[in-house]
Each structure stands twice: as C-alpha cells, then as structure tokens.
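Tertiary structure, described
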Amino acid sequence: MGDGYRFVGKPIPRNDAGDIVTGKTKFLIDRKMVDMLYGKVKRSPYPHAIIKKVDKKKAFKLKGVKAVLTWEDVPDWKGGTPRYTRVLDRKVRFVGDAVALVAAETEEIAEEALDLIDVEYEILPAVFDMEEALKPDAPQLYEEFPGNIVTPGVPFFGPKSLKEVVMGDVEKGFAEADVITEGTFGYEGIPNPMPPEPPGAIALWEEPNKLTLWVSNQSPYMDKILLWHIMGRKVEIRTFGGPCGGSYGSKQMSWITQCHAALLSRATGRPVKLYMTKEEHLAAFVMRPASRMKARVGMKKDGTVTAIKGTWLIDTGYYSMTTQSQIAVGCGEVQIAVHCDNWDLRPVIVCTNRNASGIVRGFGGQELKCSLLPLISLAMEKLGLDPYEVLKKNFVKPGQGYFWRDGIWYVYRGIDYSKAMDEGAKAFGWKDKWKGWLIPTSINGTKRRGVGVGVHGNADIGEDASEAHVRLFRDGTAMLFSCLSEHGTGQTTNFLKMVAETLKLPLNRVSLSPPDSMVNPYEFGPAGSRGTYSIASAAIRAAEDALKRLFELGAQKLGVSPSDMDTEDGMLFSKHDPEKRIPWIAAMGPDRTVTGYGRFEPDYTLTNCMMTFVEVEVDVETGKVDLISVVNTSDAGKIVDPKGLEGQLNGCLGSAGIDTAIFEETVLDRRTGHILNANMIDYKWRTFSELPEIKNVILETPMESHRFHAVGIGEIATSPGPSAVLMAVSNALGTWIHEYPITPDKVLKALGKIKGGQKEKDRALELGGAR
Amino acid sequence: MEKKRKEGVRSGKKKKIKLSVNGIGYELEIGDKPGEVDYGHTLAHTLRETLNLTGTKVACDHGACGCCTVLMDGKAVLSCMTLTVECDGKNITTIEGLKDNKTGALDPIQQAFIEHSAFQCGYCTPGIIMSAKALLMENPSPSKEEIKEALSGNFCRCISNYQAIDAVITASNRGR
Ligand code: FES
Ligand code: FES
C-alpha cells in the first residue's frame with residue numbers, strides 16, 4: 001500500500017513452509033547420530049525422600065546397557081536461582097525427580113533397565129500448598145531456603161533487580177480513594193504449555209571438557225551460556241539449534257534434560273539422545289507458576305487507582321530457575337497495565353513438593369494479571385465503572401513511567417494505545433454487550449452470556465542484547481549470522497525479509513546461518529516479544545554496516561563519494577548519475593567478502609499492548625463454560641508478516657492461554673504429590689470442533705523502534721484473556737468467581753447448586769479428575 | 001539357541017511383513033534386531049525408526065493427538081496405535097508420499113497450507129494434512145463443519161486450526 005516495501009508486510013510464505021508441509025523438516029526428535037545411544041531417567045515415586053541406597057547391578061547386567069548413573073557418580077553441577085539444585089541429588093523433591101540415568105543401545109533396553117534399578121528411600125513429609133509451606137513446622141525442601149522461601153532477585157538483572165512494587169504512600173492513596181475494596185484471587189491451575197514435541201537433547205562429550213549439544217528451543221545460544229555456569233565454568237560448550245516443535249517459552253530452559261544427556265555421553269564416550277515421553281513432559285517438566293494474590297485497592301470515582309497494597313504468593317514447585325525473573329518482569333508489567341502512584345505489592349516465592357514452574361508465554365505478567373485485574377475490578381464494580389474505560393485510562397501513556405526488571409525507572413516513549421483499544425471495542429460490540437457489573441449480556445433458558453475484557457503490556461520487546469553479522473558475497477547474495485531456531489513464529493523468515501529490504505536484494509538471495517553457537521555472535525533469542533524489535537534491530541544494523549563498507553568499495557571504483565552510493569538487486573550505482581553502475585562483484589573483486597556487525601542494546605522505554613474482549617456462555621444447569629467469541633486488539637507499529645501474526649494471535653487460546661480460565665489445568669493429587677492427568681487424554685486441550693470466533697484488530701501506527709517501525713506482540717496474545725473470561729463468567733452468573741479454571745464444579749458451587757470445600761475436591765480427585 | 005533353531009525349522013525362515021509405503025514395497029523380518037519388526041513395534045515406530053520416514057510425528061504416542069496420522073488403504077489411521085505386524089499387505093501413505101512422484105508437484109492440500117501459513121511450529125502439520133487428505137478423498141466438497149469434525153482428533157497447540165480449516169477449504173475448492 002505504497003510503503004515501498006517489497007517483503008515487509010507482504011504475505012510471503014515462510015522459507016521453511018515447503019519443508020514443513022512435506023515432512024522434510026527435521027526436528028531434534030527426528031535426528032539420529034552415528035553410534036548414538038538412548039538415555040532414560042528413573043524417577044522418584046515419592047514427593048520428598050532421601051535416597052538411602054541404589055543397587056545398579058541388575059541393570060548393568062542387561063545386554064545393551066552402557067551406563068547407569070546416580071548422584072554419587074556425577075559432578076556437582078547445580079542449577080536454579082540461586083544455584084542450589086543439583087542435576088542429580090541425594091534428595092528427591094517431587095514425584096518425578098531424577099534418581100538415576102541410563103544409557104543403552106536402544107530406547108527399549110534403556111526403559112527396561114530403569115525397572116532393574118533398586119532404590120531404597122527414606123520417605124520425608126511433603127508439602128503441596130504455599131500457605132502450608134510457609135508455616136513454621138512445614139517440611140523444608142532446601143537448607144538454603146529457610147521457611148521454603150526462595151531467595152528473591154535475579155543477579156542477571158543487576159544489583160537492583162526488581163523484587164516488589166513499592167512506591168509512593170499507600171496510606172495517603174487510600175485516604176484519597178472514593179472506594180476501597182479487598183479480596184483474594186488465585187491462578188493456581190498450574191497449566192502446562194504442552195508443546196507437541198517433548199523436551200529432549202542430544203549430547204556428545206569429548207574428553208577432557210568439550211560438550212556439543214543439539215537443542216530444541218528458541219534460544220540455542222543461551223544454552224551454551226547457562227550450561228557453562230551450571231557445569232562449573234569448566235566445560236567448553238557448543239550448541240546447535242534447529243526447528244523446534246513448539247516451546248511457548250517452556251523449552252527455553254531444558255537444562256536438566258541437557259545435563260542428563262551430557263552426563264550419559266560423558267560416561268560412555270558416545271552421543272546420547274534423551275527425550276522425555278509425553279507423560280514425563282507433563283509430570284516432570286516445567287509448568288506455569290501458581291499464583292495467589294490478596295490485596296486492597298483504592299479507586300476514585302473517575303477510575304483513577306489511588307493505592308494498591310497486598311501480597312502475592314507464587315508457588316514455584318520444587319525449585320526455581322526463572323520464577324524470580326517472572327516476578328521481576330511481572331512487577332514491571334503491572335505498572336504498565338495499571339497506572340497508580342502508590343504501591344505496596346510484595347511477592348513471596350515459595351517452594352513446594354511438586355514439579356517445578358518455569359517459563360510460559362505471559363512470563364509472570366499473565367499470572368499477575370489473572371489476580372490483579374479481578375482485584376481492581378472489585379473497585380470498578382463498587383463504583384459502577386465500565387472496565388474497558390478504566391483499563392484504557394490506566395494503561396501506560398507516553399511520558400508516564402515504570403520501574404522495570406532492573407529496578408530502574410524508565411519513561412515510556414511509545415504510543416498511546418487508546419485508539420487500538422477503541423477499535424477493538426467497536427469490533428467486539430462492547431458498548432452493546434456490556435450491561436453493567438454482574439449482569440448477564442443475555443439469558444436464554446439455562447444459558448447465560450457474559451462479557452469481559454483484559455489487558456496486558458510488556459516492555460520486554462526491547463529486552464536483552466542481540467548481536468548479528470551480515471556477510472555480503474560477490475555474487476550478490478548475503479547471509480545473516482544470528483543464532484536462531486525456528487520455533488513457530490515465522491521470525492527466522494521475518495528477519496531475512498528485513499535484511500533483504502535493507503540490502504535491497506531479492507528475498508531468495510538472503511539466507512540464514514546455521515544455528516551454531518560457534519559461528520554466530522551472542523543472541524538471547526526470541527524470548528517474550530523481543531524478536532521484532534531487538535533481534536531485528538541487530539540484523540538491520542549489521543546489514544546497514546555491511547552496506548556502508550560495500551558502498552566505500554563501490555565509490556572508489558566509480559569515482560563518486562560513498563554517500564552518493566545506492567544498491568538494488570546486487571547492483572551498485574550513483575544516486576546522482578544512475579548510469580554509473582557496477583555489480584557487487586566489480587566492487588568487491590574476486591577475493592573478498594564484506595561483513596557488517598550489528599548490536600542491539602536493551603531498551604525498556606517501549607512496550608507492546610494487548611487488549612482482549614471475550615464473550616462466554618455459561619450453562620447454569622451443567623456448569624459448563626463455552627467461549628463464544630474473542631477480539632484481540634493492539635497496534636504493532638508495522639505488521640511484518642500478516643498471516644504469521646494472525647496465527648500467533650489465534651494462539652491466545654492454546655499454550656496455557658485463555659483456556660487456562662476454562663478447562664486447562666494440571667491436576668495434582670495433594671495427598672500423594674502425583675499428577676493425575678499427565679497424558680493428552682486427561683489433560684484437556686481445545687479441539688477443532690470447539691473453536692470460538694476470533695477477530696484480531698491490529699493497527700499500524702509507526703513506532704520509534706527501528707527502520708520498519710515495528711514491535712513484537714505475538715507472545716502476549718495468551719495473557720489478557722484469562723482474566724477477561726473470569727470477568728465474563730462472573731457477569732454471566734451474577735456473582736464473582738475467584739479461581740481458575742472455571743470448571744463446571746466451580747460454576748455450580750458459585751450458584752450454590754453443589755457444596756464447595758476440600759472434601760468435595762478430594763472426592764472429585766478420587767473419581768479420577770477434578771470435574 | 002535351541003529354541004531359535006526349532007522356530008526356524010517350523011517356518012522355514014523368519015516371518016516377514018510385506019507392506020507398501022508411499023508406493024515402495026518393503027519386506028521386513030520379524031525379530032528384535034535393528035532393522036527388524038518387533039511384535040510390539042507400532043507403525044509410527046517402524047516408519048520413523050526403521051524406515052527413517054520421520055515426517056510422521058509422534059507427540060502423545062497414545063492415540064490422543066493425531067500427530068502420527070497416516071493413510072492405510074486410503075483411510076486415516078493413528079500410526080502410534082497401529083502395530084506394524086497388523087499392516088501385512090497394506091498400503092501406507094505418509095506425508096512424504098503426498099507429492100506427485102512423477103512431477104514433484106505438491107498435493108493441493110500441501111499447497112494450500114503454504115499459502116495460508118496454516119502452521120506455526122509445524123509439528124502437528126503432517127498429521128493434520130493426512131487427516132485432511134483422507135477427508136477429501138472421501139468427501140471432495142466438505143462443509144466447514146465436516147472439516148472441523150474430520151480434524152477434531154488433531155491437536156494443534158499453536159492454534160493454527162483456523163488457518164488449517166481455510167487451507168482445506170481452498171484445497172477442496174480447487175479439487176472441484
Ligand atoms: S502420537 Fe499418535 S495420536 Fe498422538
Ligand atoms: S503448528 Fe504447532 S502445534 Fe500445530
């Protein structure tokens with residue numbers, strides 16, 4: 001539409017599209033190496049125990065078994081924040097914790113060997129609830145975490161790393177408020193993002209200290225950095241990425257599995273492939289943190305939030321690698337979503353004897369919004385205010401600011417998202433559908449409809465550093481050197497589009513380097529929504545730098561000044577006298593490549609935004625909640641890949657997104673610590689036959705990011721929806737729901753049709769599910 | 001040792017499974033050595049591990065997600081729930097066999113999936129395309145509801161479902 005772009009914003013198929021639809025794409029799970037062994041993990045059946053004795057003899061005797069390792073056989077590699085969690089420990093802390101590792105010639109033999117390992121345990125009392133875990137006589141998971149409180153703060157974020165939101169004077173704020181409300185909301189369903197390809201790794205150890213690792217996630221370079229610390233800074237690590245069968249954040253940290261594969265390779269001298277089964281994936285790999293918030297909110301009649309004071313409990317399971325980071329970013333994000341001068345919000349991270357929490361799309365902010373937005377809604381309800389208007393009013397505006405994850409105050413220099421919110425409200429028909437608090441939109445027999453709205457925004461679009469090289473070749477082609485795996489967003493093609501646009505080359509003349517940490521510079525990877533601004537900025541700068549060097553060479557040849565040079569499709573020419581033109585090869589000669597370097601420095605002064613409107617239908621007889629329609633609205637600055645963006649935004653439902661408000665949860669038996677639905681039949685997910693209507697309204701107001709004025713928004717699609725659903729169901733029912741997911745039992749309980757309480761829950765568990 | 005010999009005498013030689021995959025005939029011996037078919041092997045395992053046809057994906061290995069869908073004599077089956085020993089004499093088509101062998105042209109469904117960007121991570125895509133293929137072979141002009149129904153056993157966590165439905169509609173329109 002006259003923007004002059006050839007690729008950016010155009011519906012061009014992804015580079016890997018042909019391979020994906022023909023089955024040629026090799027995910028890590030599809031790969032084999034010569035001489036490869038298979039690894040398996042023996043896991044604890046107890047939530048908390050000391051390993052007294054392990055007898056490996058029988059397992060060793062099985063033909064084809066090459067290694068059996070326990071805590072006694074391995075170096076003291078430790079992960080977690082702080083690094084207190086041993087890769088194999090003498091103590092197990094959840095049902096599924098690793099007890100022994102086996103490498104064998106086939107997967108079947110490795111599997112069989114697990115059963116031949118005899119383990120003697122001393123069983124310890126366990127704790128599964130965060131408030132219980134905080135009690136003085138609660139079982140203690142780590143000596144290093146007295147009271148089961150995980151040390152707050154993230155060293156990587158700097159000395160002032162955000163641990164809480166404390167500013168202004170809350171008492172003064174409450175004094176200024178027209179209403180003060182108080183409540184507790186919990187987002188504790190510990191849903192699993194459940195990417196289809198399970199977590200796994202292939203490792204090859206070469207003595208004395210060289211490790212090559214093939215990984216499946218979105219940040220192959222970062223595994224090298226992380227594992228270097230975990231392995232005592234003594235191991236030389238090279239990582240290879242590749243197509244990743246879904247991550248949604250979760251596989252970013254597969255360090256335990258990677259270490260297991262590395263240890264087995266170290267013990268056998270052969271490459272070892274270690275993949276979790278889907279059951280292990282759901283029972284022993286990371287899930288969302290559980291979150292419970294109790295707070296008081298002060299609000300004025302005009303929707304101004306005057307004070308927020310409360311506690312935020314986060315259950316991280318048996319250890320934390322990133323929960324503190326999620327808290328830090330979440331604490332930043334709340335200030336973006338809810339402008340308030342007086343805060344006293346104090347998080348406490350608790351460890352319990354269940355599977356660990358980890359990274360999931362929404363990174364702390366989704367967990368926080370799910371409790372905080374309903375808490376603020378209580379005040380809106382009391383004042384009779386329209387939540388869409390209040391959320392719009394309180395979302396960060398240019399000139400306002402926030403403390404970000406590093407504890408430093410940043411002034412927001414982006415756009416006002418109000419216009420996008422208005423467009424979304426129009427597309428949804430909010431003005432017609434909103435009837436007031438706790439009032440259904442319509443009633444039809446036993447079916448009641450309700451609407452809700454949520455919002456989310458994240459300054460992570462400019463988070464962390466990226467580096468890239470762009471190398472120009474004399475035949476008029478170029479290669480982007482950036483350590484990237486394709487994990488489903490289509491970004492690997494998008495970065496090439498932006499490089500091609502910058503170099504004015506046809507897209508098929510620009511390619512991407514292999515995702516090898518040895519040939520590529522530092523890359524944090526497309527975590528959160530940072531790809532479009534951060535990674536692309538480094539790539540664009542590298543392309544510009546390469547062109548600058550090429551122009552110098554061309555200018556010499558043509559006898560003009562470098563500033564007079566331009567290029568198109570591999571030709572160099574003078575802007576003033578376009579007749580003066582030579583191909584790249586004539587400027588570069590036969591024996592030269594030209595390489596440009598680009599770096600992106602973190603920038604926290606821009607944020608993205610997503611507002612989601614939902615309409616639900618609740619059957620008051622059965623208690624079932626159906627999602628009828630969803631409108632996601634935002635401004636992307638410039639859409640780089642229209643169809644890819646559509647897919648990412650439709651992704652709001654899955655990967656532990658909106659459906660975590662309706663039916664998605666991991667069911668933990670709180671007596672035994674076993675997960676009851678660790679398979680894809682009992683863990684519920686949305687099918688093709690139950691798709692709501694989705695509309696994505698995305699504006700394109702040029703943003704001050706890079707030359708294409710775009711910012712990333714894909715990741716946050718999941719985040720505003722759950723609290724919107726909670727609001728919609730509460731409105732449909734005429735009473736507040738306080739917990740997710742809103743399964744039929746919770747609806748019927750809220751309507752007084754069944755009794756609540758722990759007994760009922762236990763009975764439901766005995767019947768084989770929570771509903 | 002003794003036992004093996006006896007079996008050898010009884011059957012003359014090792015039992016074999018004959019099956020055709022993507023038009024190529026295979027004779028696989030039953031046994032537990034590499035390259036052989038064990039009684040416990042699923043079709044998904046044989047395709048991926050023995051025949052190196054890794055286009056067929058496994059996610060749940062449990063009959064829940066449809067990622068492993070292939071065609072058996074033209075009908076969609078879950079290869080993780082099918083034992084290879086049951087496939088004697090069967091014609092199997094996997095995602096690798098959908099292209100026109102002679103011309104190299106993509107199947108219209110594959111083409112439509114590319115045009116609609118009907119995938120994100122792409123892990124579920126082979127299974128969805130094979131389910132769609134079985135549907136269009138049986139019902140060349142399905143309604144949207146029929147498409148949803150036919151794909152209801154296919155998991156897509158990235159939620160490319162909407163674009164996949166559109167792609168199947170495009171492919172069926174072209175087939176008309
Ligand atoms: S892998 Fe066969 S149905 Fe899931
Ligand atoms: S495209 Fe990722 S699961 Fe379907």
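Residue positions are given per chain, counting from 1 as you read along its sequence in written order. Whichever chain is written first becomes A and whichever ligand is written first becomes 1, with later ones labelled in order. Restriction of local features to residues with pLDDT of at least 70 applies here, the model being predicted, together with a cutoff of 80 or more for giving and counting side-chain atom pairs; totals for whole chains, interfaces and linings are based on all residues. Excluding hydrogens and water, the side-chain figures rest on all heavy atoms present in the structure.

A separate point is the overall build of chain B. Note on conventions: DSSP H or I runs of at least 4 residues are helices, E runs of at least 2 residues are strands, and numbering of each starts at the N terminus. Helix and strand counts for chain B stand at 6 helices and 5 strands. When its C-alpha atoms are laid out on the principal axes, chain B stretches across 60 × 35 × 25 Å. Counting the 176 residues in chain B, one finds 52% classified as buried. Using a 1.4 Å probe, the Shrake-Rupley method yields the accessible areas, and only the shown protein chains count as cover for residues. With the model as given, the accessible surface of chain B reaches about 8100 Å², and the carbon-plus-sulfur share is 51%. On chain B, the mean spot of the 23 positive side-chain charges and the mean spot of the 21 negative ones are 4 Å from each other. Per-residue accessibility, obtained with a 1.4 Å probe over protein chains only, is compared with the maximum for each type, and a residue is labelled buried under 20%, exposed over 50%, and partly exposed between these values. Neither His nor the chain termini are counted; the positive set is Lys and Arg, and the negative set is Asp and Glu. The atom standing in for a charge is NZ when the residue is Lys, CZ when it is Arg, CG when it is Asp and CD when it is Glu.

Moving on to the side chain of Thr257(A). Among the structural elements, Thr257(A) can be located in helix H7 (residues 255-268). Contact between two residues is taken to exist if any of their heavy atoms lie within 4.5 Å; hydrogens are not considered. In contact with Thr257(A), other than residues within four places in its own chain, are Gly200(A), Ala201(A), Leu274(A) and Met276(A).

Sheet strands pair via backbone hydrogen bonds, and the direction of the pair is either parallel or antiparallel. Residue and element names in this part refer to chain A. The sheet built from 7 strands is open, its strands ordered S3-S7-S1-S14-S11-S12-S13 with mixed pairing. Every interior strand has two partners, whereas the edge strands, strand S3 (65-69) and strand S13 (236-240), have only one. When the angles between neighbouring strand axes are averaged without regard to direction, this sheet yields 25°. With axes taken as lines fitted to C-alpha atoms, and helix axes fitted only over the stretch in contact, angles between N-to-C directions fall between 0 and 180 degrees. Packing of helix H6 (residues 220-230) onto the sheet brings it into contact with strand S12 (210-215) and S13, and relative to S13 it is tilted by some 155°. Each of strand S1 (37-43), S3, strand S7 (98-104), strand S11 (200-206), S12 and strand S14 (272-275) touches H7; the most contacted strand, S11, lies at about 35° to it. We treat two strands as partners when DSSP finds at least two bridges between them.

All names here are of chain A. Computed over the protein atoms alone on a 1 Å grid, cavities are sets of points where a 1.4 Å probe fits but cannot get out and pockets are open sets with protein on both sides within 12 Å along at least five of seven lines; a residue lines them when it has an atom within 4 Å of a point. Grid points are joined across faces, edges and corners, and a volume is the space filled by probe spheres set on the points. With the rule as written, the count across this model stands at 10 cavities of 30 Å³ or more. The space that makes up the largest cavity amounts to roughly 270 Å³. What lines the largest cavity is a set of 26 residues, and nearest its centre among them are Phe94, Asp97, Ile256, Ala284 and Tyr318. Among the secondary structure elements, those contributing two or more residues to the lining of the largest cavity are strand S5 (85-86) and H7. When residues of the lining of the largest cavity are assigned to their parent elements, the largest contribution, 4 residues, is made by H7. For the lining of the largest cavity, a count of residues per class yields 14 nonpolar, 6 polar and 6 charged. These domain limits were set by an automatic method or by a database of domain assignments. Each of domain 2 (31-124 + 194-284) and domain 3 (290-461 + 605-766) gives at least three residues to the lining of the largest cavity. Classes in brief: Ala, Val, Leu, Ile, Met, Phe, Trp, Tyr, Cys and Pro nonpolar; Asp, Glu, Lys and Arg charged; the others, Gly included, polar.

What follows covers the environment of Lys163(A). All names here are of chain A. Among the structural elements, Lys163 can be located in the loop between helix H4 (130-133) and strand S9 (165-167). Here the alpha-carbon distance between Lys163 and Asp406, two residues 243 residues apart in the chain, equals 9.3 Å. For Lys163, the residues in contact, after removing those within four places along its chain, are Pro152, Gly153, Ile327 and Pro347.

Residue and element names in this part refer to chain A. Whether two aromatic rings pair depends on their centres lying within 6.5 Å, for rings of Phe, Tyr and Trp, where Trp uses its six-membered ring; planes under 30 degrees apart make the pair stacked, over 60 edge-to-face, and the rest tilted. Throughout the structure, instances matching the rule amount to 30 aromatic pairs over all chains. Note on Tyr402 and Trp404: the rings are 5.9 Å apart at their centroids and 70° apart in plane angle, and the pair reads as edge-to-face. By the burial criterion, Tyr402 is buried, and Trp404 matches it. Between Trp404 and Tyr604, the aromatic rings sit 6.2 Å apart at their centres with planes inclined by 35°, giving tilted as the arrangement. One end of the pair, Trp404, is in the loop between strand S18 (401-403) and strand S19 (409-411); the other, Tyr604, is in the loop between strand S28 (594-600) and strand S29 (610-619), with 200 residues separating them in the sequence.

Attention now goes to the domain arrangement of chain B. Residues and elements named next belong to chain B. Along its sequence, chain B is carved into domain 1 (2-95) and domain 2 (108-173). The gap between the C-alpha centroids of domain 1 and domain 2 is 26 Å. On the side of domain 2, 15 residues touch domain 1, which itself brings 17 residues to the contact. Here domain 1 meets domain 2 over a buried area of about 1200 Å², counting both sides, of which 67% is carbon and sulfur. Throughout, the accessible surface (probe 1.4 Å) given up by two parts as they are put together, summed over both, is called the buried area.

Residues and elements named next belong to chain A. Across the sheet, which stays open at both edges, the 5 strands sit in the order S20-S21-S29-S30-S31 with mixed pairing between neighbours. Edge strands, defined here as strands with exactly one partner in the open sheet, are strand S20 (442-444) and strand S31 (693-699). Put simply, the sheet's adjacent strands are angled 20° from each other on average, direction ignored. Relative to S29, strand S21 (residues 447-456) is paired through 10 bridges, and the arrangement is antiparallel. What sits directly across from His456, in S29, is Met610.

Another aspect to go through is the interface of chain A and chain B. With 50 residues of chain A at the interface, the matching set in chain B holds 45 residues. Here chain A and chain B share an interface that buries about 4100 Å² over both sides, 60% of which is from carbon and sulfur atoms. In the sections that follow, a salt bridge refers to a side-chain nitrogen of Lys or Arg positioned within 4 Å of a carboxyl oxygen of Asp or Glu. Linking chain A to chain B there are 4 salt bridges. Here Arg157(B) and Glu664(A) are joined by a salt bridge, their closest N and O atoms 2.7 Å apart. We call two N or O atoms a polar contact when they sit within 3.5 Å, provided that within protein one can donate a hydrogen and the other can accept it, with sequence-adjacent residues counted only if both atoms are side-chain atoms. Where chain A packs against chain B, one counts 18 residue pairs in polar contact (both at pLDDT 80 or more). Among the elements of the structure, helix H1 (17-22), helix H8 (278-284) and helix H17 (642-650) of chain A are those that each provide at least two residues to the side of chain A that touches chain B.

Residue and element names in this part refer to chain B. It is at 8 Å that the axes of helix H3 (residues 108-115) and helix H6 (residues 161-175) come closest, and there the two elements cross at 135°. With respect to H6, the axis of H3 lies oblique. At the point where H3 passes H6, the crossing takes the right-handed sense. Of H6, the residues touching H3 (which contributes Pro108, Ile109, Gln111, Ala112, Phe113 and Glu115) are Ala164, Ala167, Val168, Thr170, Ala171 and Arg174. Residue composition of the contact of H3 with H6, grouped by class: 8 nonpolar, 2 polar and 2 charged. The scheme is simple: roughly parallel for angles under 35 degrees, roughly antiparallel for over 145, roughly perpendicular for 65 to 115, oblique for anything else. A crossing counts as left-handed when the near helix is turned anticlockwise from the far one by less than a right angle, and as right-handed when that turn is clockwise.

All names here are of chain A. Across the interface, helix H14 (residues 491-503) lies against helix H15 (residues 531-558) with an axial gap of 9 Å and an inter-helix angle of 35°. Once H14 is placed against H15, the crossing between them reads as right-handed. Only Gly531, Thr532, Ile535, Ala536, Ala539, Ile540, Ala543, Glu544 and Leu547 of H15 make contact with H14, whose side of the interface consists of Gln491, Phe495, Met498, Val499, Thr502 and Leu503. Residue composition of the contact of H14 with H15, by class: 10 nonpolar, 4 polar and 1 charged.

Moving on to the pairing of S11(A). Residue and element names in this part refer to chain A. Within S11, 5 of the 7 residues are buried, which leaves it mostly tucked inside the rest of the structure. Bridge count between S11 and S12: 6 bridges; the pairing is antiparallel. Its bridge partner being in S12, Ala203 is matched across the sheet by Leu213. The hairpin formed by S11 and S12 contains 3 residues between the paired strands.

Our next topic: the domain arrangement of chain A. Residue and element names in this part refer to chain A. Here the domain parsing of chain A yields domain 1 (17-26 + 464-600), domain 2 (31-124 + 194-284) and domain 3 (290-461 + 605-766). The gap between the C-alpha centroids of domain 1 and domain 2 is 38 Å. Taking both partners together, domain 1 and domain 2 bury about 1600 Å²; carbon and sulfur atoms supply 58% of that area. When the area that domain 1 buries against domain 2 is broken down by residue, the three leading residues are Lys26, His487 and Ser517, summing to 33%. For the pair domain 1 and domain 2, the number of links is 1 salt bridge. In this structure, the connection of domain 1 to domain 2 is made through 6 residue pairs in polar contact (both at pLDDT 80 or more). Here the side of domain 1 that touches domain 2 is built from residues that sort into 9 nonpolar, 6 polar and 4 charged.

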